[in-house]
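Examining the three-dimensional arrangement
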Amino acid sequence: MNMVRIRHIMEMRRACKAPPLLPPKLRKEGSESTDRRGPKDVMDLTFKVNTLAPERYPSRTFYFHLYESQDSSEGPWNLITESDRLGTDDVANLEDFLAIEFSFERLQWFKMEISEPSENGAQKVLKASEIFTIAQICAGPIGFPMVDQIGYRVAEIEIWSQLRDRPQPIVMQMEAKNLSTKLVSSNSNVYIEVYRVDEDQKRMLYRSEPTKQPKLLWRSFTVQSDDLYGSDGVDSQIEIVCISEEEKEGVIGQAVVSMEVAKAMEPISIFNESYKQGRKPIGEVRICRYQQLRVCSFLDYLRGGTSLKFAIAIDFSIRDPANVTHNDYQQYSNDIEFVVRCLADTLEPFNPTNSWLSYGFGAKIPPHYRDSNNFCLSLDVDATCQGVNGILNAFGKSYQNVHPLQGAKFSQIIYHLAKQAQNNFNRANEPLNYYVLFIITRGSIEDLKETVQAAIFASKAPISIVFVGVGCEGLDEIERMGNAGKRLEFQGRKSERDNLQFVNATKTRLECDNYADMSTVFLEKSLQQIPWQCSTFYMQNHVLPGKSSSESAETSSGGLTVASSSRRPSSAHGQMEEEEEARMRTTSVGCEGLDEIERMGNAGKRLEFQGRKSERDNLQFVNATKTRLECDNYADMSTVFLEKSLQQIPWQCSTFYMQNHVLPGKSSSESAETSSGGLTLLASSSSRRPSSAHGQMEEEEEARMRTTSSSSGPAQDHFRSRRNRLSTEMRSMTLDDSR
């Protein structure tokens, strides 16, 4: 059996053992452990009404009405609230006039109206009206002029928005010590239960896993601030119950204490009524960790200056062009128009410039009609299109001029946008930009492996990718990829976060009866996860709203520690410390199999092979897994790891240049002997290549030179005379040429 056959057999075995390229479909929608929509933001709106022309109000009073429309700016309008009678002489401040839940996936239309009572006071006469959306006031206060029917400005309205405080997670960890051996044996499994105690009832907050004596340190757990303190934030009491799994032991002891005392991390005595009538403590428990985290939402980042950049990529490929009819071309064009209009109209308030990065792929483009999987939709050098009409005009031009391929490669588009987003994120002084890429396709994918790798790469960049399927067949692989979430994996590389999603536009249109329902359902499916994906990315990479990563610091009152000075993605997440600790425990196998690498990294100048020795120490080794297991929090992990991995580099750098006679700020030819008995650097060579001479080993160098000079004889004299003769001949040739 030859080697080619052996390699083939080994590759087949590896292929059989390899996991599937795409994870299977979820049985039930929404069965994943995490909510992919994230928490909703509630905004309190305040209206400031300033009447500019009181003389135009005969009654000197007016009313303010607020309407809402579920469909469009054309109505129908439903009255949701109105003010009492207001005077025209003063500025009316309507504080917290309306509370609204923010929704990214649909435009929330509202209409303001100013009316005044009629002469008899029985009716209200419309004076002026104005329409706005919630997306317009997300970034900050905004003003609207109120113009009457004849074009006269009668009032100005300024709208202010305030986000309601959300419950924040609190990480706690407990331990128990000095438990009485009369009540609990030395090998018992003990667990704790934590309750919040109200006036008439108590509610369980946490129950730990059993831990064996004598070291009773339970895992950290997370509770919400509302559950611990209540919605009013008043100091509450908790009850800590220590229980043994042994039936004959049961409850070991308990204590009721206020949270102010508990979070001071002082020992808390626990008592048992059956032990000396509860007068003597049987042990103590202590909260050894109390950390209140800060969870930022999508609106926090928008109000902090984060911008959204939208891109669209249209697949022109056709799997079976011979069986495609004119109706199929027309249907695909209609589907594209439906998707583009829905997305562009809804996202326009979040896109101040109304510009879209528009690309095409899966076609042969003019003038040479070569295969292309990444070209500007307008067939020009600029990929930017303005608004809905700009995108549709560019698509119509390409649709008429390109020749479709039988398959498309998605990876090039994904890599292109992901690298652009990552480069923008890595610039410390640039404002935050989060990219959203919509890929419209019929599903004829050719590079599934490369696309999976590109999606894994994109999970590290500030970008969300939405696959929009058109048609009812051939979309299984795209659907599985879009719904894979963090389960996406290829050759040991895993997706760091869930930034993919899939929606079938054709099925959505067939399920609904009218255009309004089609667009509402389609937008809900395609946009509902983007706010959560955006805020999750920045939280994972320790970027606070309104600040760059270099400016982010530890928030007050024990908030989330943001110690990273760069914007590059890291695997740490402030909200998921329990999962992080569990993952660290499961990856403890990283402490094995590194002996040879460790010995090489610590060998220094002792490294030798076949008589050749290392000239200097330029290697080092650090075990990242052991470092993480030795520390309790992310800040200590990063500090210890950086100290171990970077502390030798300055010394190695300076040692190299000192060995090769290069002074700071000078080339080797300019280096000279230092003053006052310093190190002699007689670097006559004009190159910086490493030499075997060392400034500290001049005696050995002189001895070698003496032994070399003592070996001169007749051969040396013959060589010297020949060199002089050649030199004379060259000089005479030069003189002849000059004459």
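Residues numbered from 1 in each chain as written. Predicted model: local features only at pLDDT ≥ 70, side-chain atom pairs only at ≥ 80, totals over all residues. Heavy atoms only, no water.

For the protein, the name recorded in an unreviewed UniProt entry is Copine C-terminal domain-containing protein, with Caenorhabditis nigoni as its organism.

1. Considering the overall build of the protein
As a reminder, the rule being used: What counts as a helix is a DSSP run of H or I of at least four residues, what counts as a strand is a run of E of at least two, and both are numbered from the N terminus. Burial classes follow relative accessibility: with a 1.4 Å probe on protein chains only, a residue under 20% of its type's maximum area counts as buried, one over 50% as exposed, and anything between as partly exposed. Accessible areas in this description were obtained via Shrake-Rupley with a 1.4 Å probe; residue shielding takes into account the shown protein chains only.
Looking only at helices and strands, the protein has 19 helices and 33 strands in total. Taking all 739 residues of the protein together, the buried fraction comes to 42%. Accessible area of the protein: about 41400 Å², with a carbon and sulfur share of 48%.

2. Re a nonpolar patch on the surface
Threshold: Only residues whose relative accessible area exceeds 30% and that form no salt bridge enter a patch; like-charged residues are grouped when within 9 Å of one another, and nonpolar side chains (Val, Leu, Ile, Met, Phe, Trp, Tyr) when within 5 Å. Here a salt bridge means any side-chain nitrogen of Lys or Arg lying within 4 Å of a carboxyl oxygen belonging to Asp or Glu.
A contiguous nonpolar patch, built from F641, L642, L646 and I649 and spanning about 340 Å² of accessible area, is present on the exposed surface. Here the nonpolar patch gets 3 residues from one element, more than from any other, and that element is helix α16 (residues 634-646). As for its placement among the helices and strands, L646 is situated in helix α16.

3. Description of helix α5 (residues 326-347)
The line we're drawing: What a helix should span is 1.5 Å times the count of its residues minus one.
With 22 residues, α5 should cover 32 Å at 1.5 Å per step; its first-to-last C-alpha distance of 32 Å lies within 8% of that length. Within α5, burial applies to Y332, D335, I336, F338, V339, V340, C342, L343, A344, T346 and L347.

4. Some remarks on the sheet that holds strand β5 (residues 92-101)
Threshold: For two strands to be treated as a pair, DSSP must find at least two bridges joining them. The angle between two axes is taken between their N-to-C directions and runs from 0 to 180 degrees, where each axis is a line fitted to C-alpha atoms and a helix contributes only its stretch in contact.
If you trace the 4 strands from one edge of the open sheet to the other, you get β5-β1-β9-β8, paired in antiparallel fashion. For this open sheet the edge positions go to β5 and β8 (142-147), each flanked by a neighbour on one side alone. On average, each strand axis in the sheet is inclined to that of its neighbour by 25°, with strand direction left out of account. Across 9 bridges, strand β1 (residues 42-51) lies against strand β9 (residues 153-163) in antiparallel orientation. Counted as the bridge partner of K48 is E158 from β9.

5. What about the confidence of the model for the protein?
Heads up, the condition is: pLDDT expresses how confident the predictor is about each individual residue, on a scale running from 0 to 100. By definition, residues are in contact when any of their heavy atoms lie within 4.5 Å.
A residue-level look at the protein finds 78% of positions with pLDDT of 70 or above and a mean pLDDT of 79. Low pLDDT, under 50, characterises residues 705-712; the predicted model gives this stretch 1 contact beyond four residues in sequence or across chains. When the criterion is pLDDT under 50, residues 733-739 qualifies, and its contacts beyond four places in sequence or with other chains add up to 0 contacts.

6. Points about the sheet that holds strand β22 (residues 363-365)
A sheet is described by the order of its strands in space; here 3 strands give the open sequence β23-β22-β26, paired in antiparallel fashion. At either end of the open sheet lies a strand with only one pairing partner, and these are β23 (370-372) and β26 (403-404). Across 3 bridges, the pairing between β22 and β23 is antiparallel. The residue of β23 that forms the bridge with A363 is S372.

7. What to know about the nonpolar core
What counts here: What is meant by a nonpolar core is a set of buried Ala, Val, Leu, Ile, Met, Phe, Trp, Tyr and Cys residues, joined one to another through side-chain atoms within 4.5 Å. Bear in mind that the domain bounds are from an automatic or database domain assignment.
Formed by 86 residues in total, the largest nonpolar core has its most connected members in F47, M112, F132, I134, F438 and F522. Residue contributions to this core peak at 9 residues, all from α5. In this structure, this core is formed jointly by two domains, domain 1 (18-23 + 37-163) and domain 3 (298-541), each of which donates at least three residues. Setting aside residues no more than four positions away along its own chain, F47 makes contact with F64, L66, A92, N93, L94, F97, M112, F132, I157, E158 and I159. Counting 36 residues, the second-largest nonpolar core is a separate cluster that includes A311, A418, Y435 and F490.

8. A closer look at the pattern of salt bridges
Inspection of every chain in the model, using the stated rule, returns 17 salt bridges. We note a salt bridge from E156 to R153, for which the minimum N-O separation is 3.1 Å. Residue class for E156 comes out partly exposed when judged on its relative accessible area of 33%. Classification of R153 as partly exposed rests on a relative accessible area of 42%. Among the ionic pairs, E337 bridges to R341, the shortest N-O distance being 3.1 Å. A residue pair is termed a helical-turn pair when its members lie 3 or 4 positions apart in one helix, as E337 and R341 do in helix α5 at 4 residues. A relative accessible area of 32% means that E337 is categorised as partly exposed. What makes R341 partly exposed here is its relative accessible area of 30%.

9. Description of helix α11 (residues 515-527)
Short version of the rule: We define a polar contact as two N or O atoms separated by no more than 3.5 Å, with the added condition that, inside protein, one atom must be a possible hydrogen donor and the other a possible acceptor, whereas residues neighbouring each other in sequence contribute only through side-chain atom pairs.
With 13 residues, α11 should reach 18 Å at 1.5 Å per residue; the first-to-last C-alpha distance of 18 Å fits that figure. Sitting at the head of α11, N514 places a side-chain oxygen 3.3 Å from the backbone nitrogen of A516.

10. Observations regarding the packing of aromatic side chains
As a reminder of what qualifies: When the centres of two rings from Phe, Tyr and Trp lie within 6.5 Å, Trp using its six-membered ring, the rings pair. Their planes under 30 degrees apart give stacked, over 60 give edge-to-face, and anything left gives tilted. Placement of a charge over a ring requires the Lys NZ or Arg CZ to be within 6 Å of the ring centre, with the centre-to-atom vector within 35 degrees of the ring normal.
Enumeration over the complete set of coordinates arrives at 31 aromatic pairs. Aromatic pair F425 and Y538: ring centres 6.3 Å apart, planes at 45°, arrangement tilted. Of this pair, F425 sits in helix α7 (residues 411-426) while Y538 sits in helix α12 (residues 530-540), and the two are 113 residues apart along the sequence. Take F425: its relative accessible area is 2%, and that puts it in the buried class. Accessibility expressed as a relative area gives 0% for Y538, which makes it buried. Ring-pair connections join several aromatic residues into one group, and the members of that group are F47, F64, F97, F110, F132 and F144. A cation over a ring is seen here: R442 above Y332, with NZ or CZ 3.7 Å from the ring centre.

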